[in-house]
Amino acid sequence: MDVGQGVLVGGYHGKWLTAEAAARALVSRQSMQSLGGALGAGAVLPLPATTCPLGEVLRIAGWLAEETAGQCGPCYLGLPALVKALEEVVRGGGRAALELVENRMRAVTKRGACSHPDAASRFVASALEVFDDDLQLHSYQRGCGRPVQDVLPLPVVESAGSIVVDWTLCEAHGLCTSVLPEVISLEADGFPAAGVMPVPPQLLQQAARAVDRCPALALRIQ
């Protein structure tokens, strides 16, 4: 197996191995543990040298944040905040962005109602350690120069409908995005950035709350 830049073992709740560690690893729990990894779900995902590792990690971290059950703050609020901080790192936020990522990871670890926020934080922390060279390039030189090729697989999420804005009624109160920030983003003038926004199935209940909260009755689900 070509180990590329590194190998993710244990799935998206797992940890990354460096290329050097992966090259000498055996497919056993003992071998993985001795190298700092764990078989976990049994998934083994090598990362090709042609893609941006931190861009790939950001994609998966975003998906993990969306998988929240919405039952506790560390998951529902903490993971999106961690993803936003990681995005700043990838864009070249420097030391301040890195420190914010570290703070966000501490804020969710061992504080959730389940182990999901812990595992998502572990996934990010492991990537930052294994891809340290790329981390330096993104933090201080604005990128590694490689595209994000979407090589780490994600499930295809069907839309449960769309939030639709009636522009003749919208008064830019902004209350909708406080309920549904994963879907509704605002422009600088306070109005929604799009008129039609697909809603994933797991956020349909939140979308209904966002519609109910709009004082101008400018939102509907279709």
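Throughout this document, residue positions are counted from 1 along each chain, in the order its sequence is written. Owing to the predicted nature of the model, reporting of local features is limited to residues with pLDDT of at least 70; listing and counting of side-chain atom pairs is limited to 80 or more, with chain, interface and lining totals taken over all residues. Computation of side-chain values covers all heavy atoms of the structure but excludes hydrogens and water.

Draft legend 1. Just the overall build of the chain, in detail. When its secondary structure is counted, the chain shows 9 helices and 6 strands. Considering only C-alpha atoms, the chain reaches an extent of 60 × 35 × 30 Å along its principal axes. Here the term buried applies to any residue with accessible area under 20% of the maximum for its type, exposed to any over 50%, and partly exposed to those in between, with areas from a 1.4 Å probe on protein chains only. Relative to its full complement of 222 residues, the chain shows a buried share of 45%. Accessibility throughout is a Shrake-Rupley quantity obtained with a 1.4 Å probe, and a residue counts as covered only by protein chains that appear here. If you sum the accessible surface of the chain, you get close to 11,400 Å²; carbon and sulfur atoms cover 53% of it. In this description a helix means any DSSP run of H or I spanning at least four residues, a strand means any run of E spanning at least two, and both kinds are numbered starting from the N terminus.

Draft legend 2. Main features of helix α9 (residues 204-213). Of the residues making up α9, those classed as buried are Gln206, Ala207, Ala210 and Val211. Taken end-on, α9 shows its buried residues confined to a sector of 145°, consistent with a single buried face. Set apart from the buried face of α9 by more than 90 degrees, the exposed residues are Gln205 and Asp212. Of the surrounding elements, those touching the buried residues of α9 are α4 (73-90), β4 (162-165), α8 (175-179) and β6 (219-221). Directions drawn from the helix axis to the C-beta atoms are what define this arc. Contact definition: two residues touch when any of their heavy atoms are within 4.5 Å.

Draft legend 3. Up close: the side chain of Asp118. Considering the arrangement of structural elements, one finds Asp118 in helix α6 (residues 116-130). Note that His is not counted, nor are the chain ends; the positive residues are Lys and Arg, and the negative ones are Asp and Glu. Criterion for a salt bridge: a side-chain nitrogen of Lys or Arg within 4 Å of a carboxyl oxygen of Asp or Glu. The buried charged residue Asp118 lacks any salt bridge, with Arg122 as its nearest oppositely charged partner at 6.3 Å. Not counting residues within four places of it along the chain, the set of residues in contact with Asp118 comprises Val108, Thr109, Lys110 and Arg111.

Draft legend 4. Inspection of the packing of aromatic side chains at higher detail. Ring geometry is summarised as follows: Phe, Tyr and Trp rings, the Trp one being its six-membered ring, pair when their centres sit within 6.5 Å, and such pairs are stacked at plane angles under 30 degrees, edge-to-face over 60 and tilted between the two. Summed over the entire model, instances satisfying the criterion amount to 4 aromatic pairs. Where Tyr12 meets Trp63, the ring centres are 6.0 Å apart and the plane angle is 70°; that geometry is what we call edge-to-face. Linking Tyr12 in the loop between β1 (6-9) and β2 (15-18) with Trp63 in helix α3 (residues 53-66), this pair joins segments that are 51 residues apart in sequence. Ring geometry for Trp16 against Phe123: centres 6.3 Å apart, planes inclined by 40°, an arrangement best described as tilted. Note that Trp16 is positioned in strand β2 and Phe123 in helix α6, a separation of 107 residues in sequence. What links up through ring pairs into an aromatic cluster is the set Tyr12, Trp16, Trp63, Phe123 and Phe131.

Draft legend 5. Quick peek at the sheet that holds strand β5 (residues 196-198). Strands sit in the order β5-β4-β6 across an open sheet of 3 strands; the sheet is antiparallel. Each end of this open sheet is capped by a strand with a single partner; those strands are β5 and β6. The sheet shows a mean angle of 20° between the axes of neighbouring strands, taken without regard to direction. Between any two strands, pairing holds if DSSP finds at least two bridges. Each axis is a line fitted through C-alpha atoms, and for a helix only the stretch in contact is used; angles between axes span 0 to 180 degrees, taken between their N-to-C directions.

Draft legend 6. Geometry of the side chain of Thr51. Tracing the sequence through the fold places Thr51 in the loop between β3 (44-47) and α3. For this analysis, a polar contact is any N or O atom pair within 3.5 Å, provided that within protein one partner can donate a hydrogen and the other can accept it, and provided that sequence-adjacent residues contribute only side-chain to side-chain pairs. There is a polar contact of 2.7 Å between the side chain of Thr51 and the side chain of Glu56. Every residue in contact with Thr51, bar those within four places of it in the chain, is listed here: Gln5, Glu56, Arg146, Pro147, Val148, Gln149 and Val151.

Draft legend 7. Geometry of the pattern of salt bridges. Scanning the model with the defined rule gives 6 salt bridges in all. As a salt-bridge pair, Glu99 and Arg95 come within 3.6 Å of each other at their nearest N and O atoms. Here Arg95 and Glu99 lie together in helix α5 (residues 94-108), a separation of 4 residues that amounts to about one turn. Judged by its relative accessible area of 39%, Arg95 is partly exposed. The partner of Asp134 in a salt bridge is Arg146, with the nearest N and O atoms 2.2 Å apart. Of this pair, Asp134 sits in helix α7 (residues 132-141) while Arg146 is found in the loop between α7 and β4, placing the two residues 12 residues apart along the sequence.

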